[in-house]
Amino acid sequence: MAAIVGYHTRQVLYFGVKNKYCVTCTRKPGDTHHTCFKNWNGSSSSMEAATIVALHITKRKYCILVIWTPKGLKTFEIERDDEFWKENMKEKLETFYMKCLLPELIDPRQRRSLPIREPEYILLAQAKKQK
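Residues numbered from 1 in each chain as written. Predicted model: local features only at pLDDT ≥ 70, side-chain atom pairs only at ≥ 80, totals over all residues. Heavy atoms only, no water.

Visitor: Describe a nonpolar patch on the surface, with residues and values.
Guide: A surface patch of nonpolar side chains, amounting to about 710 Å² of accessible area, comprises Phe96, Tyr97, Met98, Leu101, Leu105, Ile106 and Tyr121. With 6 residues, the top contributor of residues to the nonpolar patch is helix H3 (residues 82–106). Looking at the secondary structure, you find Leu105 in helix H3. (Patch = residues over 30% accessible without salt bridge, like charges linked within 9 Å, V, L, I, M, F, W, Y side chains within 5 Å. Areas by Shrake-Rupley, 256 points an atom, 1.4 Å probe, with all protein chains shown as cover. Salt bridge = Lys/Arg side-chain N within 4 Å of Asp/Glu carboxyl O. Helix = DSSP H or I, 4+ residues; strand = E, 2+ residues; numbered from the N terminus.)

Visitor: Can you explain a negative patch on the surface? Please cite residues and give values.
Guide: Together, Glu77, Glu79, Asp81, Glu83 and Glu87 line one region of the surface with negative charge. When residues of the negative patch are traced back to their parent elements, those giving at least two are strand S4 (72–79) and H3. Within the secondary structure layout, Glu83 lies in helix H3. (Lys, Arg positive; Asp, Glu negative; His and termini not counted. Charge placed at Lys NZ, Arg CZ, Asp CG, Glu CD.)

Visitor: Residues and numbers for the pairing of strand S3 (residues 62–69), please.
Guide: Summarising the sheet, S3 and S4 pair through 8 bridges and their orientation is antiparallel. Opposite Ile64, over in S4, you have Glu77 as the bridge partner. (Pairing = 2+ DSSP bridges.)

Visitor: With reference to specific residues and values, describe the nonpolar core.
Guide: Among the nonpolar cores identified, the biggest contains 9 residues, and these are Ile52, Val53, Leu55, Cys63, Leu65, Ile67, Ile78, Trp85 and Met89. Only helix H2 (44–58), S3 and H3 provide two or more residues apiece to this core. (Core = buried A, V, L, I, M, F, W, Y, C linked by side-chain atoms within 4.5 Å. Buried < 20%, exposed > 50% of the residue type's maximum accessible area, 1.4 Å probe, protein only.)

Shown next, in the form of structure tokens:
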């Protein structure tokens, strides 16, 4: 769970839940007759990165990230870090948006049974990872 709280008002402005686990799916694999709340396949630490993105999109100063574990709740106050954003995230996200997401929004290939676009920078990163 993550809540973006107004700096001055201390009011909750956004509340989001990311679940890596669904009890029903775990107990009854293949059961499609339930509401599955699993909506996150990334690592728990990648939830923090997603929260940082949300902070910048909403232009908030901080938010409270709550992570549930079988041992209890962990809460973190995450402040927007403009320097980290500029140095580590902004360019990568803009590149992903411009080269991957936007072309698919403008000219979707899936419904025409065409393969997904693979921009040059993605292919190079995949080749480098395989070595």
